[in-house]
Amino acid sequence: MLRLEQELDISSPLLHELVSRWSIVDNCFRFRKHLVPFKVVDVCFALGLRVVGEELCLQDDGGGLANKVFGGEDIKIDILLEKLGNKVYRKKNVDELCRLYILLLLYVFFFPRTSRTFSSFLFKVLDNLDALDGYNWGGAVYDLIIFSLTRSPEVYNNQTNGREIYLAGYVPVLQVSGNYEK
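Because the structure is a prediction, the values reported are computed rather than measured.

Calculation criteria
- Residues numbered from 1 in each chain as written.
- Predicted model: local features only at pLDDT ≥ 70, side-chain atom pairs only at ≥ 80, totals over all residues.
- Heavy atoms only, no water.
- Buried < 20%, exposed > 50% of the residue type's maximum accessible area, 1.4 Å probe, protein only.
- Helix = DSSP H or I, 4+ residues; strand = E, 2+ residues; numbered from the N terminus.
- Pairing = 2+ DSSP bridges.
- Polar contact = N/O pair within 3.5 Å; in protein donor to acceptor, adjacent residues only side chain to side chain.
- Contact = heavy atoms within 4.5 Å.

A. Quick look at helix 2 (residues 40-47). Looking only at helix 2, the buried set comprises D42, V43 and C44. Downstream of helix 2 by one or two residues, G48 has phi in the positive range, about 70°.

B. Region of interest: the sheet that holds strand 2 (residues 28-31). Taking strand neighbours across the sheet as the criterion, the 3 strands line up as 1-2-3 in an open arrangement whose pairing is antiparallel. The open sheet has two free edges, formed respectively by strand 1 (22-23) and strand 3 (34-37), since each of these has just one partner strand. Where strand 2 meets strand 3, 4 bridges bridge the pair, whose relative direction is antiparallel. Across the sheet, residue R30 finds its bridge partner in strand 3, namely L35.

C. Spatial organisation of the side chain of R99. With respect to the helices, strands and loops of the structure, R99 is situated in helix 6 (residues 94-110). Within the structure, the side chain of R99 is placed 2.8 Å from the backbone oxygen of L126, a separation counted as a polar contact. Reaching out from R99, the side chain makes a polar contact with the backbone oxygen of D127 at a distance of 2.9 Å. The residues contacting R99, other than those within four sequence positions of it, are L65, A66, L126, D127 and L129.

D. Focus on the pairing of strand 2. In this sheet, strand 2 lies alongside strand 1 in antiparallel orientation, the contact comprising 2 bridges. Residue pairing for strand 2: W22 is matched across the bridge by F29. Turn length for the strand 1-strand 2 hairpin, with the two strands adjacent in sequence and antiparallel, is 4 residues, and the turn residue N27 shows positive phi of about 50°. The turn joining strand 2 and strand 3, which pair antiparallel and follow one another in sequence, is formed by 2 residues; a positive phi near 55° is taken by R32.

Okay, structure coming up:
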C-alpha cells in the first residue's frame, strides 16, 4: 500500500502568484493585460481524465454502500486505512473492499483536502462499480479546484491564515496545465 510520509509539496511561490492573480469573474488568471484561462480540458489533458459523462455533485449526500461501512463514525483516512489493513475485514466482501480502495484513491489523489475527514459526496457513486467510467471525472476535479481558487483570494488577501494557502483538489495540475490556444 502506498503511504506518503509527508504532504506533497508543490511550488509555494507559484501558488501564491496564481492565487493572487485569479479572477473570480472570468475563471482565469490575470497577467498584466492578459487573461490566461483555466479550463476543464487543462485538467483532463494533465491527468488523462475524461471530460464527458454524467456530472458528479460535490455536495455531501451521506448515503451509499461505502458509507454503511463506517457505521456513523467520522470518515477519516486513518480509519479507512485501518479497515483496508485488517485481514479479517479484507476477506469479508470483495466489492466492499474495492469500494474502499477506490474511495481512498479518489480522496487522496483527485479530491484531496486539508481536512483529515472525508466528505460523503462520492459514496453513492461507488454503489455501482461497473458505472464508474460513465462519470465526468475531469469536470469534478476541475470544479473542486475552481471552488477552492474562488475562495482562496479572500483568505490570501485578508491574511486570515497568515500567508499560507490551502487549496482543495488536485492543485499540482495548476503547475502542468497551460493555455493550448494561440
